[in-house]
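Inside the fold
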Amino acid sequence: MVKNAIGILIFWIAPPLIYFFKEKLGFGGGSVFTGIVYVSGLLFMLNHFHAKVGHKPNTFLLLLGGTFFSVAMIYFFLMNKEMTMFNTDLINFALIFGFFFSLLRVDNQVQKYLPVLILIITFLTSCALIYSVATNPNYVFGTRATVQYTSKTTENFTGNPYIYSRNGLAGFLISFLIINRSWDSIKVPHVYLTRLLAHINVWFSLIVIILTQTRATILTVLMALPCMLFFMVPVKSIFSNIKRQSYIFYALVIGNLYYFATKLRIVELIDSYYNSFFNLFIRAMSTGVTLGKSSEVDESAMGRVNNINYIKQLWSTSRIDFIFGHGYRYRYIDIPMLESLVNFGVFGFILFASFHVAFLYFAYRCFKSQIIFQNFIGLFYLNTFVGMFTSGRPMDFAYWVSFLIFIRFMNVEMVKDKNEIESQL
C-alpha cells in the first residue's frame, strides 16, 4: 500500500522535488529523467488485482470529466492548431490514461497512507527550495524564490516559483490537519516524530509561500483558512492540540526569532516582503477589475486583460466559431475557463464549467468528512479552482493529474474490508 501511495505522489505532489533533482542537482538529461520517474510511478502503482477488477471512483465527476476529455480529444485529432506540440501532448495523454487506470486499481485504503507521505514530501521539497535559494549567488531577497537554472535560449537564470508555492500550500494544509485532526483515519509510523515534523512543516510551508509570492496561493490560503476553522478545527481547540513535546520546538523557534530579529532585522525583512506582496496583489486585482484602466497596472494581470480584449474582438468578428470552437490550442489565454470556450465552443465550456461546479460541491462534502485525506483534497481543490481563472490551460498535464485524483477519491470513503469491486471501466 505504501508503494502505491508513493506512485500516486510521484505524479501529484512530488514534481517540484523531481524538478529540483533534475535542474539543481543535474540528475538525468532533459526530459529523460522526468519520463523515467513517471514510468517508475506507474510501476509503483501496480498490484496483484486482475486486469478487469478495479475500485469505483466518484462516478458523477467521472462522467463530467470523461465527457469533456473526450470532446477535447476530438478537437486534438481533428482541429489541432499547434501541431508542433502534437507528440508531447500525445505522450502526456498516454501518461494520463495510464495514471487513471492505475488509480482505479489502487485500494481505497491508500488514503490512510497518503497524508504522512504528503507531509514528508512537502517538507523535503521546502528544504530543497530553501537550499537552492541559499546556495544561489544570483538570488536577491525580495524576489520570488524558485529553483533556478540557466535558460537554454538565453544566459539568464529562470525557474518556476508556482510549483513550489503550490507545494508550500500542500505542506501547510496537510500539516495543519495532522496537528489538529484525529489520527483515526491515517497510518502514523512514529507518533512523536510525525507530530514534530507537522509543527516544523507548517512553518516551513508558510515561509515557502511568503518567499514564492504567488498570488493564487495566497488567495487559496485566505479561502482555505475559514473552511478549516468552520468545518474542521474550531479556533478554541487549536492551542489544546499542541502537545507537551511541541512546546520545546516552539520555545526554540521563539528564541531563534528573537536572535534573528536583533541580528538580521528579520522583522524589517518580513515587513518588506509583506508590503511588496500586498502592493503587487492590490495592483493585480485593480488591473483585473478595471480591465487595465487603473492608474498603475500589473504586467502579469495585463497579459490576461489583453487576452480578454482579444476574445471580445474575436466575438465581434466570428461569433459562429464560438458555438463550435476555434480548435485545440487555438490561443494561449492563460485563463483556462475562458480558453475552454475559445477552443472547444459553447458545449465544451458548459462541460468544463459544470465539471468545476461539481468539484466545488464535492469539495464542500469533503470539508465535513472525518477522514484527513478527504479534508485535504477538498481544501487543495480550492487552489485548482483559483487556477482556472488565473493561469494555465484547460488540458494542462498537471491540472489533469489533480483532476484524476479528485475523481478517484473525492467522497470515496475507505472501506473496512479489502474486497475488490468489479468495474466495467
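Residues numbered from 1 in each chain as written. Predicted model: local features only at pLDDT ≥ 70, side-chain atom pairs only at ≥ 80, totals over all residues. Heavy atoms only, no water.

Focus on the packing of aromatic side chains
Under the criterion given, the structure shown has 45 aromatic pairs. Plain terms: the ring middles of tryptophan 12 and phenylalanine 376 are 5.9 Å apart, the flat faces sit at 70° to each other, and that makes the pair edge-to-face. Residue tryptophan 12 is located in helix 1 (residues 2-12), and its partner phenylalanine 376 is located in helix 16 (residues 372-387); the two are separated by 364 residues in the primary sequence. You can call tryptophan 12 buried: its relative accessible area is 2%. In this structure phenylalanine 376 comes out as buried when scored by relative accessible area, which is 0%. Here phenylalanine 93 and tyrosine 328 contribute two aromatic rings whose centre-to-centre distance is 6.5 Å and whose plane-to-plane angle is 70°, an arrangement assigned as edge-to-face. Residue phenylalanine 93 is located in helix 5 (residues 86-104), and its partner tyrosine 328 is located in the loop between helix 14 (319-324) and helix 15 (336-367); the two are separated by 235 residues in the primary sequence. (Phe/Tyr/Trp six-rings, centres within 6.5 Å; stacked < 30°, edge-to-face > 60°. Helix = DSSP H or I, 4+ residues; strand = E, 2+ residues; numbered from the N terminus. Buried < 20%, exposed > 50% of the residue type's maximum accessible area, 1.4 Å probe, protein only.)

Points about the nonpolar core
Membership of the largest hydrophobic core comes to 97 residues, with the highest contact counts inside it found for Trp12, Phe376, Ile377, Met395 and Met410. With 11 residues, the single largest contributor to this core is helix 15. Judged by nonpolar contacts, the second largest core, of 12 residues, contains Tyr19, Leu129, Tyr139 and Tyr164. (Core = buried A, V, L, I, M, F, W, Y, C linked by side-chain atoms within 4.5 Å.)

Digging into the confidence of the model for the protein
It should be kept in mind that the predicted coordinates are not to be read in detail where pLDDT is low. Of the residues in the protein, 77% have a pLDDT of 70 or more, and the chain-wide mean is 83. A low-confidence stretch, residues 416-425 stays under pLDDT 50, and its non-local contacts, those more than four residues away or across chains, total 22 contacts. (pLDDT = per-residue confidence, 0-100. Contact = heavy atoms within 4.5 Å.)

Quick word on helix 8 (residues 191-212)
Taking 1.5 Å of rise per residue, the 22 residues of helix 8 would be expected to cover 32 Å, and the 31 Å separating its terminal C-alpha atoms lies within 8% of that figure. For helix 8, the set of buried residues is Thr194, Arg195, Leu197, Ala198, His199, Asn201, Val202, Ser205, Val208, Ile209, Leu211 and Thr212. (Expected span 1.5 Å × (residues − 1).)

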